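Overview (structure and organization)
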Amino acid sequence: MEQRELKRDLKNRHVQLIAIGGTIGTGLFLGSGAAISKAGPSILLVYLIVGTALFFVMRSLGELLLSNAGYQSFTDFAADTIGPWAGYVTGWTYWFCWIMTAMADVIAVGVYVRYWFDIPQWIPALIAIILLLVLNLLTVKLFGELEFWFALIKVITIVALIAIGLFWLIIRFKTDSGVVSIRNIWSYGGLFPNGIAGFLSAFQMVVFAFVGVELVGVAAAETSNPEKNIPSAINKIPIRILLFYVGAIFVILCINPWTELSAANSPFVQVFALAGIPLAGGIINFVVLTSAASAGNSGLFSTSRMMYNLSKHGQGPKFLSKLNQNFVPGNALVVSAIVLSIGALLSYVIPDTAFGVVTTISAICFIWVWSIILISHIIYTKKHPDLHKKSHFKAPLAPYMNYAILIFFVAVLIIMFMSEETRMAVMLTPIWFIMLFITYALRKKR
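Residues numbered from 1 in each chain as written. Predicted model: local features only at pLDDT ≥ 70, side-chain atom pairs only at ≥ 80, totals over all residues. Heavy atoms only, no water.

On to the overall build of the protein chain. When helices and strands are tallied, the protein chain shows 21 helices and two strands. The 446 residues of the protein chain split such that 59% are buried. Sequence separation of 24 or more characterises 83% of the internal contacts of the protein chain that already satisfy a separation of 6 or more. Summing over all exposed atoms, the protein chain offers an accessible surface of approximately 18,000 Å²; the carbon and sulfur share of this is 69%. (Helix = DSSP H or I, 4+ residues; strand = E, 2+ residues; numbered from the N terminus. Buried < 20%, exposed > 50% of the residue type's maximum accessible area, 1.4 Å probe, protein only. Contact = heavy atoms within 4.5 Å. Areas by Shrake-Rupley, 256 points an atom, 1.4 Å probe, with all protein chains shown as cover.)

Here you go:
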């Protein structure tokens, strides 16, 4: 019987928009409200710092993926460079990362739907999971098309928001809060209104806002021309960070004083409502709803591919490595969707705190994954200096930048441990890694 393989049905436009979709999600549209309330205008600096660090992580990821045609994800090179345990632990941790992230997304879907309909949050969350599962079971090309249109809506909205904000800035448009002005950024307590403590406490949510930036690497196995498409998508990340994160938040802070934005709601929706344009608030709410659905779609895609890849290499149950007639890992998709439905349950049990809990755990686990990419790249440059020298897509300032970013990640974890809101998640997350090391040890004994 012929062995089925994943189809390389994603085109350049799909990969480019998947990369954009990965960097614009619930963390920006919903989580930025909480981040702004903590850091005030200094949130712009937090986005720049985290975004710069992750660009260098992505350059390391890109060089590693293109150094060996056999690498389909970072679990492959982690196992090669660090050891089989690293591939196993990182692969399942990445699956867990995206499960937690996708849970946050489906919880957000329930929150957004309640903007129009007074129904329990868990109902739209469950409907979203079922719909995304059905669509993902069809073809990878359909996944690419879904992400293309989802991401396009996000891009158009943010560009429109920036254009409207700049226009209002020029004509000194008057809102219910006053005149749209750049002075709104520093006139309400300065750039660091809550001090260094407030500035540092925003890093957790901003780290979560960037989760998924590495999704372009997971999609590498299904691109028609990875040598061209992967570098192109990675090199455009800085422009996306400046436009979609820094640009959008800058405009929001100019339109309305940061003190008037609620931590519990999307500042993208609030800014138009506060400006006296309630209809626009509804339109933006639709956009952030599609954004959450898009991020959930990315989560289902990446978790199923990671399960498939792990099982194919003997690091998971065999039935998860089977592809259906459409050449997609159907069993892995179904299992991921079932686990993801816990998000709908959390939305029912603890609707007010569910989002904060899952985003913190997700951020911690993603720091592990990004750190493994950096460590793998350090070992790769030492083991294969010839390949590194010949690489057409070298990671800049390696390996020194790798060490600097690893130190930065440790600092972020310390900040999260020091914060009362996130300390419990930092203390509980190691349980996941202990479980993985135990299961890996047991598998080795067989």
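Here the narrative resumes, following the displayed structure.
Summed over the entire model, instances satisfying the criterion amount to 18 aromatic pairs. On the basis of an interplanar angle of 65° and a centroid distance of 5.7 Å, the ring pair of F55 and F56 is categorised as edge-to-face. Geometrically, the ring pair formed by F366 and W370 is tilted, given 5.6 Å between the ring centres and 40° between the ring planes. With F366 and W370 both in helix α17 (residues 354-383) and four residues apart, the pair spans about one turn of that helix. With a relative accessible area of 1%, W370 lands in the buried category. Ring pairs connect the aromatic residues Y94, W98, F192, F199, F203, F366, W370, F408 and F409, which therefore count as one cluster. (Phe/Tyr/Trp six-rings, centres within 6.5 Å; stacked < 30°, edge-to-face > 60°.)

All told, the structure shown has two salt bridges when counted by the stated rule. Salt-bridge contacts for E421 lead to K38; the nearest nitrogen and oxygen are separated by 3.1 Å. Of the two residues, E421 sits in helix α20 (residues 420-428) while K38 sits in helix α3 (residues 31-39), which places them 383 residues apart along the sequence. Given the relative accessible area of 61%, E421 is considered exposed. A salt bridge links R114 to D118; its shortest N-O distance comes to 3.6 Å. Residue class for D118 comes out exposed when judged on its relative accessible area of 72%. (Salt bridge = Lys/Arg side-chain N within 4 Å of Asp/Glu carboxyl O.)

On to helix α21 (residues 430-445). Between its terminal C-alpha atoms α21 stretches 23 Å, which fits the 22 Å expected from 16 residues at 1.5 Å a residue. Along α21, the residues that are buried comprise W432, F433, L436 and Y440. Down the axis of α21, the smallest arc covering the buried residues is 95°, so these residues share one side. Here the buried face of α21 lies against α6 (84-113), α17 and α20. (Expected span 1.5 Å × (residues − 1). Arc of directions from axis to C-beta.)

The next thing to look at is the side chain of T81. Locating T81 in the fold gives a position in helix α5 (residues 74-81). Among the polar contacts listed, one links the side chain of T81 to the backbone oxygen of F77, at a separation of 2.7 Å. Within the structure, the side chain of T81 is placed 3.3 Å from the side chain of S376, a separation counted as a polar contact. Apart from the residues within four sequence positions on either side, T81 is in contact with S376, I379, Y380 and K383. (Polar contact = N/O pair within 3.5 Å; in protein donor to acceptor, adjacent residues only side chain to side chain.)

Our next topic: unusual backbone geometry. The omega torsion across A398 and P399 is 0°, close enough to zero to call that bond cis. Within the element layout of this structure, P399 appears in the loop between α18 (385-390) and α19 (400-418). Positive phi, normally seen in glycine, also occurs at R172, with a value near 55°. Within the secondary structure, R172 sits in the loop between α8 (140-171) and β1 (174-175). Phi is positive for L397, close to 60°, though the residue is something other than glycine. Here L397 shows up in the loop between α18 and α19. You can call L397 exposed: its relative accessible area is 55%.

The next subject is the environment of P317. When you line up the elements, P317 lands in the loop between α15 (278-312) and α16 (330-349). According to the relative accessible area criterion, P317 is partly exposed, its value standing at 39%. As for P317 and A332, which are separated by 15 residues in sequence, their C-alpha atoms are 9.9 Å apart.

Glancing now at the nonpolar core. One finds I43, Y47, V50, W92, W370 and F409 to be the most contacted residues of the largest nonpolar core, which totals 132 residues. With 19 residues, the top contributor of residues to this core is α6. Those residues in contact with W370 that lie beyond four places of it in its chain are L54, V57, V207, F210, V211, V213, E214 and F409. (Core = buried A, V, L, I, M, F, W, Y, C linked by side-chain atoms within 4.5 Å.)

Relative to the helices and strands, I82 resides in the loop between α5 and α6. A C-alpha to C-alpha distance of 9.8 Å links I82 and H377, two positions 295 residues apart in sequence. Among all residues touching I82, those that are not within four sequence positions of it are F77, I372, I375, S376 and I379.

Helix length check: helix α13 (residues 237-255) (19 residues) gives 26 Å between terminal C-alpha atoms against 27 Å at 1.5 Å per residue, within 8%. The sharpest bend along α13 comes to roughly 30°, located at G247. A large share of α13 lies buried, amounting to 14 of its 19 residues. (Bend = angle between axes of the 7 residues up to and from the residue.)

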